[in-house]
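Tertiary structure, described
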Amino acid sequence: MVKNEKQQKKKKGRSVQDLIGIKTFTKYGLATNKGELLFYLVSPTNISVLSHVNIEIKIRHLMMVLSAVPDIEITCTDSSECFDDNKSYLQERLSEEHNPKVRKIIKKDIDFLDHIQMEMATARQFLFIARMKNTKDKQTFDTANRIEKVISEQGFETHRMNKNEIKRFLALYFEASMNGEQMPDTDGEQFFEVDTDEEIED
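What this report covers is the structure whose coordinates are included nearby. Predicted model, so just to flag it, every value in this text is computed and none were measured.

1. Quick look at the packing of aromatic side chains
Enumeration over the complete set of coordinates arrives at three aromatic pairs. With a centroid separation of 5.6 Å and an interplanar angle of 55 degrees, the aromatic rings of phenylalanine 39 and phenylalanine 169 are classed as tilted. Of this pair, phenylalanine 39 sits in strand E3 (residues 35-42) while phenylalanine 169 sits in helix H7 (residues 163-173), and the two are 130 residues apart along the sequence. The residues phenylalanine 39 and phenylalanine 169 share a single accessibility class, namely buried. Lying across the ring of phenylalanine 156, lysine 58 places its NZ or CZ 5.0 Å from the centre.

Structure (structure tokens):
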């Protein structure tokens, strides 16, 4: 009986944050259940305008980065909010709808999403992610700088992402918002007010 109560309590205590494995922001990146993550934003290169030789050079430079930092992870995401799912849903609704007035409204919604998508120019963004495990603050700092130097030395424009940039990336990744940097660090934090003038009595 006691065991079941403990299990129920444990299940109730799990948050979305626990489920996705994120703990908190750190001085250099993001703490997760599987170590601290350091994020490096890499400016993309338009290879369509490069010669075959220059493309091979870029590939060789990337191989050098991977050789120097073999555990680094690479991800590619939208650099702005994507509306593909919304458009697919509206297209499906349009094919099923028979009321001409409703069809007209749906078409306007589709045109509106097309316009927004063109305005936002859904380019991709590339991230190099380094995973740190059981390292002290000084070690993390030294490693973070070394990785950034390695990437830069191979001709890639990069910088280590700050907290606001990481928040924006997470919001886009989880399709929550394109204004992730404006989200509070703790859910509901914006509704909690502390009166700094209030004296705390013992």
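So much for the structure itself; the text now carries on.
2. Focus: helix H6 (residues 137-153)
Since there are 3.6 residues in each turn of an α-helix, residues three or four apart along the chain are aligned in direction. In this model, H6 (17 residues) spans 24 Å end to end at C-alpha, consistent with the 24 Å of a helix rising 1.5 Å per residue. Turning to H6, its buried residues number three or more, namely Thr140, Thr143, Ala144, Ile147, Val150 and Ile151. Buried residues in H6, looked at end-on, bunch into an arc of 130 degrees, giving them a common side. The outward face of H6, more than 90 degrees from its buried face, is lined by the exposed residues Lys138, Lys149 and Glu153.

3. Some details on the pattern of salt bridges
As a working rule, side chains carrying opposite charge can pair if their charged atoms are close by. One pass over the structure, following the stated rule, counts five salt bridges. Aspartate 137 is the partner of lysine 27 in a salt bridge, and the nearest nitrogen-oxygen pair spans 3.4 Å. Here aspartate 137 lies in helix H6 and lysine 27 lies in the loop between strand E1 (22-25) and strand E2 (30-32), a separation of 110 residues in the sequence. On the basis of relative accessibility, which here comes to 61%, the residue lysine 27 falls in the exposed class. Judged by relative accessible area, aspartate 137 falls into the partly exposed class, the value being 43%. With a shortest N-O distance of 3.1 Å, glutamate 73 and arginine 131 are connected by a salt bridge. Here the residue glutamate 73 occupies a position in strand E4 (residues 73-78), and arginine 131 occupies one in strand E5 (residues 124-132), the gap between them amounting to 58 residues. Taking relative accessible area as the criterion, glutamate 73 reaches 31% and is therefore assigned partly exposed.

4. Some points on the environment of histidine 159
By the element assignment, histidine 159 lies in strand E6 (residues 158-160). In the structure, histidine 159 is positioned eleven residues away from glutamate 148 in sequence and 6.7 Å away in space, judged by C-alpha atoms. With sequence-adjacent residues up to four places away left out, histidine 159 is seen in contact with Phe39, Tyr40, Leu41, Glu148 and Glu165. Among the polar contacts listed, one links the side chain of histidine 159 to the side chain of glutamate 165, at a separation of 2.9 Å.

What counts and how
Residues numbered from 1 in each chain as written. Predicted model: local features only at pLDDT ≥ 70, side-chain atom pairs only at ≥ 80, totals over all residues. Heavy atoms only, no water. Phe/Tyr/Trp six-rings, centres within 6.5 Å; stacked < 30°, edge-to-face > 60°. Helix = DSSP H or I, 4+ residues; strand = E, 2+ residues; numbered from the N terminus. Buried < 20%, exposed > 50% of the residue type's maximum accessible area, 1.4 Å probe, protein only. Lys NZ or Arg CZ within 6 Å of the ring centre and 35° of its normal. Expected span 1.5 Å × (residues − 1). Arc of directions from axis to C-beta. Salt bridge = Lys/Arg side-chain N within 4 Å of Asp/Glu carboxyl O. Contact = heavy atoms within 4.5 Å. Polar contact = N/O pair within 3.5 Å; in protein donor to acceptor, adjacent residues only side chain to side chain.

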